[in-house]
Structures are given as C-alpha cells and as structure tokens.
Amino acid sequence: MKNSRRTFIKLAGIAAAGLAVAPKKVLASSGGHSPVKVNATASHAKHWAMVIDTTKLHTAEAIDELAKVCHHIHNVPSIEGKKEVKWLWHDTYGHSFPEQENPHLAEEVHERVFPLLCNHCENPPCVRVCPTKATFQRPDGIVAMDYHRCIGCRYCMAGCPYGSRSFNWGDPRLNLDMANLNPEFPTRMRGVVEKCNFCVERLAVGKQPACVEASNGAMFFGDLKDPDSEVRKVLREKFTIRRKPSAGTEPSVYYII
Amino acid sequence: MYNGFAIVAGLVIFFAMLTAPFALGTMTKQYKEPELKLPVNEKECIESTEYMRTNHMQLLNEWRDWALRDGKRTYTNHAGKEFSISLQNTCMKCHTSKADFCDKCHNDAGVSPYCWDCHVQPEGLK
Ligand code: SF4
Ligand code: SF4
Ligand code: SF4
C-alpha cells in the first residue's frame, strides 16, 4: 500500500516536472529569438501629421480624384446614399468648419470645398469608447483599426465628432469592382467600421500617403514633433485651422486657408 | 428476467449504435493526407514544413498582431532569414492557389477560417 503510493507520488512529480518543462520548449520553438522588427525601409515619426493647402486644393473634382486613388488602393467599396463608405471625401466650408463660420467670411473661401478624412486626433474619442480596442492609437499618433477585432458596435462612430467612419452594412465585396481590386490590400467584411488609416501600410515601406503623393504639392505629411520637418515649416509660415476645436480632440490634420 | 428479450435486444441495438462510428471508421478506408500543390519556385517555407504544419495558424495569428498592432513587419526565421510579414504579399506569393493549397486540408479537417472574408485569395475574387 505504502509502496505504491510512494511510486505514484514519484511519477506525479516527474509528470509535473515534464509539464514545467514543456511550455518552455514550445516557447523556444515559436521563436524565443524575438523574431520581429520594424521594416528597414519604414518612415518614422514621433507624431504623424498632415497639412492641406486649401488655396490649391479646393474643388470637388480635384478632391474626388484623390479619393479615387485612396479608395482604389484600399479597396473601399463605392455605394451611393446613406450606406456610403468613405475614407476621403469633400464637403462645404460650413460642414467642415461649423464653429469657424461667420456671416461675412470671404466669399472665395466660403465657396471652396474641403478635403476631409480621419483627423488622427491626438486625443481621439473613438479610441476611448471602443470596447474591444479594435480602434487604437499607435505610438506615432496614427489612429489605426484592427478589423480582426471590430465587433461593429459603432460606438466609435458615435464618438467621432467628424463623421470620419463608415459602417459596412453589407458585404463590401458586392460593391467593389472585383476585376480591379488591389490584391495587395485586404477588403473588409460586413459589420465592421472602417476609415482612413493615414496609409500605414505605405509608411511601413517608406512611402508617403497616396493622397499626399497624388496632390501635386497641395498636401504635406511629416513629423509634427520635429521642428525641422516640412509640416512644421508650413505651419510656421501659413495660417492654418483645424476642424471643431471645441471638441478638444486635437486633430492632426491642418488646413491652410 | 421479465421482458428479457426486449431488454437484451435493446441493449444490443444500443451498443451497436454507440460503437457504429468506430466500427464504420475502421471498416472504411483510412484517412489519407490530402495532396497539396506546392510552390514550384520555392523549396522551403519561412519555417520547416513540420513547424508550419502544426503552427501556421498560431504564427499567422502572431503575424497579424505584429504587423497591424505593433507595426513590426519584418520576421526573422530560425535560420536568420528575413521575410515581410504579410499574408497576401508573402504567403500568397508562393502559395498561388488557395483552392489547391489551403482548402485541401481545411476542407478535410472541416475548418473554415475567416481569413478569406477580407484577405484576397491569389486566384482573385469573382
Ligand atoms: S477623426 Fe474621428 S475617427 Fe479619426 S481619430 Fe478623430 S475621433 Fe477618431
Ligand atoms: S465598431 Fe468596431 S472599432 Fe468601432 S467601437 Fe465598436 S468595436 Fe471598436
Ligand atoms: S492618408 Fe491614405 S488612407 Fe488616408 S485619405 Fe489619404 S490616401 Fe486615403
């Protein structure tokens, strides 16, 4: 009796030791050598920001051209009406800057239309309200979305004061030109929210955002925390405004007026 | 035994049904690993075949977080070789057919990962 109990305890001890060893072995084989790093060609910034020169870029046609580029490379479906999905779009002065309207605004400014996109706010309410952390802020300031996690609750849409987000009411693939997809970028699925990602996938390989590249010098992109960067240079020289200052979100998109 | 015949018959049927899947399983043909169409131009995957066979799902899961959430898009394998972390632009550049590679095992194993709800398969979408 005693003997067999002793054997059992010994064996149990060995089994427990085995358990203690096993996970370490698994760990080692899954890459205990820290196998990941940032791309060698990636562009870096402490805080990415965009400046848009609306003296150069202010017509619906020109902005729609840029939207077309953005929407094509990101496989954004084209849907008319209330179920529209948009990353980059245009709107009137009054809708873009409701707090900065006055009845005697220069007519020329009032007649412009303005390119709008996610502002990648420094203090983003969409991140604060997202229950799954599908919307999160990267250390470089970009407010990114992890579509793998989004549960479609749309709190972020309620939280965003700029209407920068779109909900996929149906399968976006039904409204995409399948023959003309960008095979290097995924589509989304029904039931998730999406928005402009400041072209993180392009920054990761050292490219500028697609809209900036296509803007013929009407848009600037760079590090807001670097006093020598191009965006800071432009901000020093030109008068700029941001959308809805009273919301307190501190947008990273600046408009030269 | 009261109602003996019915009880015994019932028990026999019960055990026959209980063991039917096992009996059928051993009687019918053995499970064969599906034949996959392997890449023509590459001999090795990013890690060993053994490793990929058992761990690809976990690896892909880590890849998506590394690339998307941590912004780290370069993976160094056990041999020290570097790869760009991307399902569409690394995996699917070698495995050029979802139907001839991924689906073969997934269909047999009865799993349908939802990767393809968003990621574009190399043969394109219709
Ligand atoms: S613009 Fe809206 S969606 Fe974009 S970061 Fe700000 S609050 Fe979030
Ligand atoms: S819809 Fe998605 S991203 Fe928006 S708050 Fe809900 S889980 Fe977060
Ligand atoms: S930064 Fe990139 S994702 Fe955002 S609007 Fe411009 S092109 Fe589109």
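Reading guide: rules and limits
- Residues numbered from 1 in each chain as written.
- Chains lettered and ligands numbered in written order.
- Predicted model: local features only at pLDDT ≥ 70, side-chain atom pairs only at ≥ 80, totals over all residues.
- Heavy atoms only, no water.
- Contact = heavy atoms within 4.5 Å.
- Buried area = accessible area lost by both parts, 1.4 Å probe.
- Salt bridge = Lys/Arg side-chain N within 4 Å of Asp/Glu carboxyl O.
- Polar contact = N/O pair within 3.5 Å; in protein donor to acceptor, adjacent residues only side chain to side chain.
- Pairing = 2+ DSSP bridges.
- Helix = DSSP H or I, 4+ residues; strand = E, 2+ residues; numbered from the N terminus.
- Near = heavy atom within 4 Å.
- Nonpolar A, V, L, I, M, F, W, Y, C, P; charged D, E, K, R; others polar.
- Core = buried A, V, L, I, M, F, W, Y, C linked by side-chain atoms within 4.5 Å.
- Buried < 20%, exposed > 50% of the residue type's maximum accessible area, 1.4 Å probe, protein only.
- Bend = angle between axes of the 7 residues up to and from the residue.
- Phe/Tyr/Trp six-rings, centres within 6.5 Å; stacked < 30°, edge-to-face > 60°.
- 1 Å grid on protein atoms, 1.4 Å probe; cavity = no way out; pocket = protein on both sides within 12 Å on 5 of 7 lines; lining within 4 Å.
- Points joined across faces, edges and corners; volume = space filled by probe spheres on them.
- pLDDT = per-residue confidence, 0-100.

## Regarding the interface of chain B and chain A
Across the contact, 26 residues belong to chain B and 32 residues belong to chain A. Between chain B and chain A lies a buried interface of about 2,700 Å² when both sides are counted; carbon and sulfur atoms form 51% of it. When residues of chain B are sorted by the area they lose upon contact with chain A, Leu68, Arg69 and Arg73 of chain B head the list and together hold 24% of the total. Counting across the chain B and chain A interface gives three salt bridges. Linking lysine 37 of chain A and glutamate 82 of chain B is a salt bridge whose minimum nitrogen-to-oxygen distance equals 2.4 Å. Joining chain B to chain A, the criterion identifies 15 residue pairs in polar contact (both at pLDDT 80 or more).

## A short note on the sheet that holds strand 10 (residues 240–241) of chain A
Residue and element names in this part refer to chain A. The four strands lie next to each other as 9-2-11-10, forming an open sheet whose pairing is mixed. Both edges of this open sheet fall to strand 9 (219–223) and strand 10, since each of them pairs with a single strand only. In this structure, strand 10 lies alongside strand 11 (residues 253–256), joined through two bridges in antiparallel fashion. Paired with isoleucine 241 across the bridge in strand 11 is tyrosine 255.

## Side note on the site of ligand 3
Taken together, Cys70, His74, Trp87, Leu88, Leu117, Cys196, Asn197, Phe198, Cys199, Pro209, Ala210 and Cys211 of chain A make up the full set of residues adjacent to ligand 3. Residue composition of the shell around ligand 3, grouped by class: 10 nonpolar, two polar and no charged.

## So, the nonpolar core
It is characteristic of soluble globular proteins that their nonpolar side chains tend to be buried jointly. If you look at the biggest cluster of nonpolar residues, it comprises 36 residues, and the most contacted ones within it are Met50, Ile52, Leu117, Phe198, Met219 and Tyr255 of chain A. For this core, the elements supplying multiple residues, two or more each, are strand 2 (48–53), helix 2 (60–73), strand 3 (88–92), strand 4 (113–117), helix 7 (200–203), helix 8 (210–214), strand 9 and strand 11 of chain A. Contact partners of phenylalanine 198 of chain A, with chain neighbours within four places excluded, come to Trp48, Ala49, Met50, Leu117, Cys118, His120, Ile142, Leu203, Pro209, Phe221 and Val253 of chain A. Judged by nonpolar contacts, the second largest core, of 16 residues, contains Val36 of chain A together with Met52, Tyr75 and Trp116 of chain B.

## Considering the sheet that holds strand 2 (residues 82–84) of chain B
Strands in a sheet are paired, the pairing made by backbone hydrogen bonds, and the direction either parallel or antiparallel. Taken in spatial order, the three strands line up as 1(A)-1(B)-2(B) in an open sheet, and their pairing is antiparallel. Across the chains shown, the open sheet's two edge strands, defined by having one partner strand only, are strand 1 (36–37) of chain A together with strand 2 of chain B. Relative to strand 2 of chain B, strand 1 (residues 74–76) of chain B is paired through three bridges, and the arrangement is antiparallel. Paired with threonine 74 of chain B across the bridge in strand 2 of chain B is serine 84 of chain B.

## Describing helix 2 (residues 49–69) of chain B
Working note: α-helix, 3.6 residues per turn, so residues spaced by three or four point in the same direction. Residues and elements named next belong to chain B. The principal kink in helix 2, of about 75°, is found at asparagine 55. Buried within helix 2 we find Tyr51, Met52, Leu59, Trp63, Trp66, Ala67 and Arg69. Once helix 2 finishes, glycine 71 follows within two positions and takes phi at roughly 65°, a positive value.

## Notes on the site of ligand 2
With respect to spatial proximity, 14 residues lie near ligand 2, and among them Cys130, Cys150, Cys153, Arg154 and Cys156 of chain A are the closest. Across the shell around ligand 2, the residue classes break down as 10 nonpolar, three polar and one charged.

## Observations regarding the packing of aromatic side chains
By convention here, two paired aromatic rings are described through the distance between centres and the angle between planes. Across all of its chains, the model carries 11 aromatic pairs over all chains by this definition. The interplanar angle of 75° and the centroid separation of 5.0 Å between the aromatic rings of phenylalanine 198 of chain A and phenylalanine 221 of chain A together place this pair among those described as edge-to-face. Highlighted residues: phenylalanine 198 of chain A in the loop between strand 8 (193–194) and helix 7 and phenylalanine 221 of chain A in strand 9, separated in sequence by 23 residues. Given the relative accessible area of 2%, phenylalanine 198 of chain A is considered buried. Given the relative accessible area of 5%, phenylalanine 221 of chain A is considered buried. Look at phenylalanine 14 of chain B and phenylalanine 15 of chain B: their rings are 5.4 Å apart centre to centre, the planes differ by 70°, and that puts the pair in the edge-to-face class.

## Comments concerning the side chain of asparagine 168 of chain A
Residues and elements named next belong to chain A. Take asparagine 168: it is sitting in the loop between strand 7 (166–167) and strand 8. For asparagine 168, a relative accessible area of 2% gives the class buried. Not counting chain neighbours up to four residues away, the residues in contact with asparagine 168 comprise Pro77, Val85, Arg188, Met189, Arg190, Gly191, Val192 and Glu194.

## Looking at the layout of surface pockets
Residue and element names in this part refer to chain A. Approximately 520 Å³ is the volume attributed to the second largest pocket. What lines the second largest pocket is a set of 23 residues, and nearest its centre among them are Lys68, His71, Val76, Pro77 and Ser78. Of all elements in the fold, only helix 2 and strand 3 reach the threshold of two or more residues within the lining of the second largest pocket. Broken down by element, the lining of the second largest pocket gets its largest block of residues, five residues, from helix 2.

## Things to note about the confidence of the model for chain B
Residue and element names in this part refer to chain B. Overall, the prediction assigns chain B a mean pLDDT of 90, with 98% of residues at 70 or greater. Considering each helix and strand of chain B separately, the mean pLDDT is smallest for helix 1 (residues 4–27), with a value of 87, and largest for strand 1, with 95. Overall fold confidence for the complex sits at a pTM of 0.84, while the interface term, ipTM, reaches 0.79.

## A look at the environment of serine 48 of chain B
All names here are of chain B. Along the chain, the position of serine 48 falls in the loop between helix 1 and helix 2. Owing to a relative accessible area of 42%, serine 48 belongs among the partly exposed residues under this scheme. When the C-alpha atoms of serine 48 and asparagine 77 are compared, they prove to be 9.7 Å apart, with 29 residues separating the residues in sequence.

## What about the pairing of strand 2 of chain A?
Residues and elements named next belong to chain A. Burial analysis of strand 2 places six of its six residues in the buried class, the great majority of the element. The alternating pattern of strand 2 places Trp48, Met50 and Ile52 and Ala49, Val51 and Asp53 on opposite faces, both of which are buried. Relative to strand 9, strand 2 runs antiparallel, the two being bridged by five bridges. In the sheet register, alanine 49 faces strand 9, and the bridge partner there is glycine 222. Where strand 2 lies against strand 11, four bridges are found, and the strand directions are parallel. Within strand 11, the position partnered with aspartate 53 by the bridge is isoleucine 256.

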